[in-house]
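Analysis of the macromolecular model
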There are 2 protein chains.
Amino acid sequence: MIQPWPQIESKIIGRFRIFSLRSDLKKSPRTGEPHEFFVIDTVNWVNVVALTARQEVVMIEQYRHGTNTIELEIPGGLMDAGDASPEATGVRELREETGYDGEGVQIIGRVFPNPAIMSNTCYTVLLRNCEKRHPVDFDQTEDLITRLVPLSEINQRVTQGEIRHSLVVAALYQFQLWQGEHPIK
Amino acid sequence: MIQPWPQIESKIIGRFRIFSLRSDLKKSPRTGEPHEFFVIDTVNWVNVVALTARQEVVMIEQYRHGTNTIELEIPGGLMDAGDASPEATGVRELREETGYDGEGVQIIGRVFPNPAIMSNTCYTVLLRNCEKRHPVDFDQTEDLITRLVPLSEINQRVTQGEIRHSLVVAALYQFQLWQGEHPIK
């Protein structure tokens, strides 16, 4: 049986806007030896699978500062203090980033972005019958272009590496599995 | 068109064993204003889809210190300075973590773990006809249990949230898509 590691002490190393860094000292249940682990703390995240009535996925292109590349992704973002739920965050982020609204918002999955070094959860939220109804409302650092990608092309774009943000790939897999159990008429 | 953000300056904030933290000052191509971005740098990672001749996936259970949970994952790890390639890393990690070896090692996908705040790539490596041929060789901080999971159960375990590490979910999606184009006889 895998045993949890008891914590000896924990301290914040620093805060860096969207995340903070923590050092945890823990004791190995196998050897009894202490080890230090660094953990990145941040709020929970939400990724939005937004489908139009024509079975297109509402996607965005944006510049990403970790990799210095332009990525094809689904909308999403950080849960704000004012967001009551992952569903509310998904509706808000979809609207701000693309101007789209939809129906039947629901959580269809969740993942740990990186359980080795991050503490947070990322929810996958689905909306259907999405339409553009609002102007976009970008953050200072967001330059986004909306792209409608036919659902039938999603697998191919993952295979070809056009969609390569791991959290987006994970959300689209969860959606494909969800759809297998809930065929959309 | 999405424009890249020119960099004004970049500095290392600190090194924390498996990653370091960097601050980049960049200029918005839209507004001309400067913005600071924090980026986590680390080596590239490899995830291994290891199949047995009986169509089982060689998986591991391990304690994860970001989430303080026991996770069902596929083997994988960091590319060492001594690793010539993602394929070599995959073979080494599979052997160290499970004692298994296999055949036909190949890269079947790659993702950015988090292009917003991380600079690195994670490769998905496939091995087939895997068998246990060696003793395991854990790092100081690794307590792992090997689990053979029938390939036919993978989708269900993702849907039910038993497999929930985003990089593992992404790798298994890439494998399912790869398998659709390369049926295993």
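Worth saying up front: this structure is predicted, and the values here are computed from it rather than measured.

**Describing the sheet that holds strand E1 (residues 7-16) of chain B**
All names here are of chain B.
- Here we have three strands laid out as an open sheet, ordered E1-E2-E3, and antiparallel in their pairing. The open sheet terminates on both sides in strands that have one partner only, identified here as E1 and strand E3 (34-41). Going across the sheet, the axis of each strand differs from the next one's by a mean of 20°, ignoring polarity.
- Taken together, the eight bridges between strand E2 (residues 19-27) and E3 define a ladder with antiparallel strand orientation. Note on E3: the bridge partner recorded for arginine 22 is valine 39.

**A few points about the sheet that holds strand E3 (residues 34-41) of chain A**
Residue and element names in this part refer to chain A.
- Taken in spatial order, the three strands line up as E1-E2-E3 in an open sheet, and their pairing is antiparallel. Every other strand in the sheet has two partners, leaving strand E1 (7-16) and E3 as the edge strands with one partner each. Each neighbouring strand pair of the sheet contributes to a mean axis angle of 20°, computed without reference to strand direction.

**Notes on the domain arrangement of chain A**
Residue and element names in this part refer to chain A.
- Partitioning chain A into structural domains gives domain 1 (7-41) and domain 2 (45-181).
- The C-alpha-based centres of domain 1 and domain 2 are spaced at 31 Å.
- Taken together, the five residues of domain 1 in the interface contact four residues of domain 2.
- When grouped by side-chain class, the residues that make up the side of domain 1 that touches domain 2 number four nonpolar, no polar and one charged.

**Some details on the interface of chain B and chain A**
- Chain B puts 53 residues into the contact, and the matching count from chain A is 53 residues.
- Those elements giving two or more residues to the side of chain B that touches chain A turn out to be E2, E3, strand E5 (56-64), strand E6 (69-73), strand E8 (100-111), helix H2 (154-159) and helix H3 (166-181) of chain B.
- Ranked by residue count, the leading element in the side of chain B that touches chain A is H3 of chain B, at seven residues.

**Side note on the relation of the copies chain B and chain A**
- With an RMSD of 0.0 Å, the fit of chain B onto chain A corresponds to turning through 180° and sliding 0.0 Å along the axis. In symmetry terms, the pair is related by a two-fold rotation axis. Closest to the rotation axis within chain B is the C-alpha of alanine 170 of chain B, separated from it by 2.3 Å.
- In this assembly, 100% of the residues forming the interface of chain B have copies in chain A that are likewise at the interface, indicating an isologous arrangement.

**Thoughts on the pairing of strand E9 (residues 122-132) of chain A**
Residues and elements named next belong to chain A.
- Pairing of strand E4 (residues 45-52) with E9 involves seven bridges; the strand directions are parallel. The residue bridging threonine 52 from the neighbouring strand is cysteine 130, located in E9.
- Across eight bridges, the pairing between strand E8 (residues 100-111) and E9 is antiparallel. Counted as the bridge partner of aspartate 101 is glutamate 131 from E9.

About the thresholds
- Residues numbered from 1 in each chain as written.
- Chains lettered and ligands numbered in written order.
- Predicted model: local features only at pLDDT ≥ 70, side-chain atom pairs only at ≥ 80, totals over all residues.
- Pairing = 2+ DSSP bridges.
- Helix = DSSP H or I, 4+ residues; strand = E, 2+ residues; numbered from the N terminus.
- Axes fitted to C-alpha atoms, helices over the stretch in contact; angles between N-to-C directions.
- Domains from an automatic or database assignment.
- Contact = placed C-beta atoms within 7 Å.
- Nonpolar A, V, L, I, M, F, W, Y, C, P; charged D, E, K, R; others polar.
- Least-squares fit on C-alpha atoms with pLDDT ≥ 70 in both.

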